[in-house]
Amino acid sequence: MKQHRGFTLLELMVVIAIAAVLMAIAGPGLRSFLLAGARGDAATSLYSAMVLARAEAITRNAPVTLCRRDYASSTGYARCSASSTGNWADGWVVYRDSAPNASGTKPAAAADIIATGERVNNAFVYVADPVTTSAVQFEPSGRLSASSRVVLRLCKSGDSGYEGRRVQVDLNGHIRLSKDAGCTA
């Protein structure tokens, strides 16, 4: 007589039930873990873009601008957002230019683009300080061309208790990435 090897239906159902209980316990923690990773990636990406823009301005001895990206642009390359409701969470464009503007005509050519950033997870939003910040321009000296520092805060939409991230650029061009408790968006 041959012995059959394998699992019975009852054993299989017990294992599936245990796995379902473990997933129910781990699910919320896993979501928080994934959101924390996405938050870190988004903040680091913007910080890196700022550092790149400043370094390129110094290296090229010409102004370099980082602006909000317009995904609705019909041109064959990334453009700056002309909309006053544009969001930094839609991504950004780093380009070489003589002066920033908010008309949506920058950069003038694809050859001016140094780098682009992609959209961030829709659970997050950037809050700009000053609110009207649609572009950040670095002078050839590495300093900001603006009259005040710029702060972009990455917050979780609708959750003021969530620990966000802050990318801050001082007038002298010093760029910092730090935690931001109580970020509201």
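Look up a bit, the structure's there.
What you see is a predicted model, and the numbers here were worked out from it, not measured in a lab. (Residues numbered from 1 in each chain as written. Predicted model: local features only at pLDDT ≥ 70, side-chain atom pairs only at ≥ 80, totals over all residues. Heavy atoms only, no water.)

Undergrad: Let's hear about the state of the cysteines: which residues, and what values?
TA: Applying the stated criterion across every chain, the model contains one disulfide. Cysteine 67 shares a disulfide with cysteine 80; S-S distance 1.9 Å. For the disulfide bridge between cysteine 67 and cysteine 80, the dihedral angle about the S-S bond is near -85°, and by the sign convention the bridge is left-handed. Residue cysteine 67 is located in strand S1 (residues 64–70), and its partner cysteine 80 is located in strand S2 (residues 79–80); the two are separated by 13 residues in the primary sequence. The exposure classification of cysteine 67 matches that of cysteine 80, with both residues buried. (Disulfide = S-S within 2.5 Å. Helix = DSSP H or I, 4+ residues; strand = E, 2+ residues; numbered from the N terminus. Buried < 20%, exposed > 50% of the residue type's maximum accessible area, 1.4 Å probe, protein only.)

Undergrad: Provide a residue-level description of the sheet that holds strand S7 (residues 150–156), including the pertinent values.
TA: The strand order S5-S7-S8-S9 describes an open sheet built from four strands, whose pairing is antiparallel. A strand with exactly one partner marks an edge of an open sheet, and here the two such strands are strand S5 (124–129) and strand S9 (175–180). Ignoring strand direction, the axes of neighbouring strands in this sheet form an average angle of 20°. Direction of pairing for strand S8 (residues 164–169) relative to S9: antiparallel, over a ladder of six bridges. Bridging across to S9, valine 169 finds its partner in isoleucine 175. (Pairing = 2+ DSSP bridges. Axes fitted to C-alpha atoms, helices over the stretch in contact; angles between N-to-C directions.)

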